[in-house]
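Observations on the model geometry
Chain by chain, the residues run as shown.
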Amino acid sequence: MFPAPFGYAAARSVDEALELLTQYGEEAKLLAGGHSLIPAMKLRLQSPRILIDLGTVAGLRGVRAAGDSLVIGALTVHAEIAASDLIRKHVPGLSDAAAVIGDLQVRNRGTIGGSVAHADPAADLPVILAALNASFLVQSTAGSRSIGSDNFFTDFYTTALKADEILTEVRVPIPVAGTGSAYAKFPHPASGYVVVSAGTLITRQSSGSCAAARVAIGGVGSGPIRAIATEMELQGKPLTPQVIAAAAAKAAEESDPVEDSYASAEYKRHVATVYARKAIQAAIERASKV
Amino acid sequence: MAAEPRYAAIPIRVTVNGVEHDAVVEPRTLLVYFLREQLNLTGTHVGCDTSQCGACTVHLDGRAVKSCTVLAVQANGARVKTIEGLANGDNFHPVQEGFREKHGLQCGYCTPGMIMTAVHLLEINPKPSDDEIKHALEGNLCRCTGYVNIVEAIKWAAEKMKDQG
């Protein structure tokens with residue numbers, strides 16, 4: 001189908017977009033890459049009266065290092081993130097995740113800001129960004145604030161973003177030396193969306209012990225779930241295969257996956273432990289090389 | 001002061017296959033319908049309603065995209081290349097030749113999309129492995145061929161383009 005008729009505003013600046021968002025409130029939706037919004041509009045699952053195009057605002061794209069963080073513009077497309085040498089050098093788990101979103105054409109249009117703000121429970125980026133302890137710079141007419149990933153993804157398709165706020169930047173801390181990150185995904189064979197996935201950030205001491213671990217699991221909740229039990233099993237321990245296996249086995253402990261026609265809750269909880277182990281091992285291998 | 005949203009008759013300027021077009025579109029006009037119905041470039045196809053099949057694939061500012069999931073207004077000021085823009089007169093693009101040489105099509109419906117994705121792939125990765133070709137084609141569905149000859153066609157084209165330097 002075609003989308004229902006709507007009014008279109010090509011914003012020329014974030015301030016203009018904020019003005020329009022404030023003016024039109026719930027009648028308006030922001031347009032970034034449009035690869036979640038436009039398909040929904042074509043099926044008339046969503047029919048916003050107004051679309052405010054952020055794609056026409058300059059300065060929202062690109063990856064740069066700023067002090068101790070990588071700063072990624074919200075309108076940066078997944079293909080650019082997957083191809084970024086800067087990201088691959090510091091947080092290759094994010095490169096992994098961006099490279100497996102959708103397909104080649106989708107990655108040329110879908111954006112990091114759009115993915116994060118849309119908060120699809122079967123999306124890739126929220127999971128790895130939770131593992132990487134990312135934070136999100138959010139602007140409104142009242143100013144700006146930063147929201148940490150642990151507080152950002154609140155429910156299915158729901159975030160801490162207020163209705164009059166725009167996400168403009170994603171900030172990823174540059175990890176300390178001896179840290180590796182990875183993302184492992186079990187995709188749905190038809191849609192390519194996450195059935196279960198795991199994002200990891202592991203800091204390894206030269207002795208071989210784990211100094212710090214963050215593990216996030218996708219597909220087993222309303223958004224990315226931090227596998228706290230897994231992290232506690234790793235922290236301070238020697239990173240042997242036995243320790244890794246024992247830790248990964250706890251990855252889905254607190255989770256309550258939604259059962260669907262493809263996979264039962266029990267299956268998802270089990271496969272989560274398998275992908276947690278893959279992602280933990282991959283992160284440790286990378287940590288050893290740094 | 002923010003500009004008011006427009007509900008109809010949005011002027012856009014798009015360069016398609018090297019030709020600049022001034023046109024007027026509705027906000028909800030999808031790029032694929034703009035190309036097909038306003039520019040009569042019917043080589044780009046509509047094959048699904050769910051952004052999955054890739055029959056609508058074109059290049060937008062050098063990147064392969066699904067034109068059914070792009071609004072025509074989003075292409076304002078951009079360069080678009082469609083399947084019609086690949087050949088140089090009577091000289092086919094090597095990827096087009098490859099689809100002929102290796103029988104990479106049957107009904108031909110998915111073919112323009114396959115070719116446009118393949119052209120972009122070979123621009124960013126001139127020597128793809130079979131696996132890399134298959135991954136690159138994840139956004140293009142074919143109901144006829146079983147994909148084997150499509151992969152062979154693209155490999156043939158990669159060889160030809162390597163020889164041409």
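These numbers were taken from a predicted model, which means no experiment stands behind them.

1. Quick notes on the overall build of chain A
What chain A contains, in helices and strands, is eleven helices and 14 strands. Along the first, second and third principal axes, the C-alpha atoms of chain A reach 60 × 45 × 30 Å.

2. Notes on the domain arrangement of chain A
All names here are of chain A. Along its sequence, chain A is carved into domain 1 (7–52), domain 2 (63–173) and domain 3 (179–289). The C-alpha-based centres of domain 1 and domain 2 are spaced at 19 Å. The interface of domain 1 with domain 2 comprises 13 residues on the first partner and 17 residues on the second. Per-element accounting of the side of domain 1 that touches domain 2 gives the leading share, five residues, to helix α1 (residues 14–24). Here the residues of the side of domain 1 that touches domain 2 sort into six nonpolar, six polar and one charged.

3. A closer look at the packing of helix α3 (residues 111–124) of chain B against helix α5 (residues 148–164) of chain B
Residue and element names in this part refer to chain B. In contact at an axis separation of 11 Å, α3 and α5 are set at 40° when each is read in the N-to-C sense. Looking at the two axes, α3 sits oblique to α5. Classified by chirality, the crossing of α5 by α3 is right-handed. Contacts between α3 and α5 pair Met114, Ala118 and Leu122 from the former with Ile150, Ile154, Ala157, Ala158 and Met161 from the latter. Taken together, the residues of the contact of α3 with α5 sort by class into eight nonpolar, no polar and no charged.

4. Considerations on the packing of helix α2 (residues 94–101) of chain B against α5(B)
Residue and element names in this part refer to chain B. Two numbers describe how α2 lies on α5: the axes approach to 8 Å, and their chain directions differ by 135°. Viewed along their axes, α2 and α5 adopt a mutual orientation that is oblique. As α2 runs across α5, the sense of the crossing is right-handed. From α2, Pro94, Val95, Glu97, Gly98, Phe99 and Glu101 reach across to α5, where they touch Ala153, Ile154, Trp156, Ala157, Lys160 and Met161. By residue class, the composition of the contact of α2 with α5 is eight nonpolar, one polar and three charged.

About the criteria used
Residues numbered from 1 in each chain as written. Chains lettered and ligands numbered in written order. Predicted model: local features only at pLDDT ≥ 70, side-chain atom pairs only at ≥ 80, totals over all residues. Helix = DSSP H or I, 4+ residues; strand = E, 2+ residues; numbered from the N terminus. Domains from an automatic or database assignment. Contact = placed C-beta atoms within 7 Å. Nonpolar A, V, L, I, M, F, W, Y, C, P; charged D, E, K, R; others polar. Axes fitted to C-alpha atoms, helices over the stretch in contact; angles between N-to-C directions. Parallel < 35°, antiparallel > 145°, perpendicular 65-115°, else oblique. Left-handed = near helix turned anticlockwise from the far one by under 90°.

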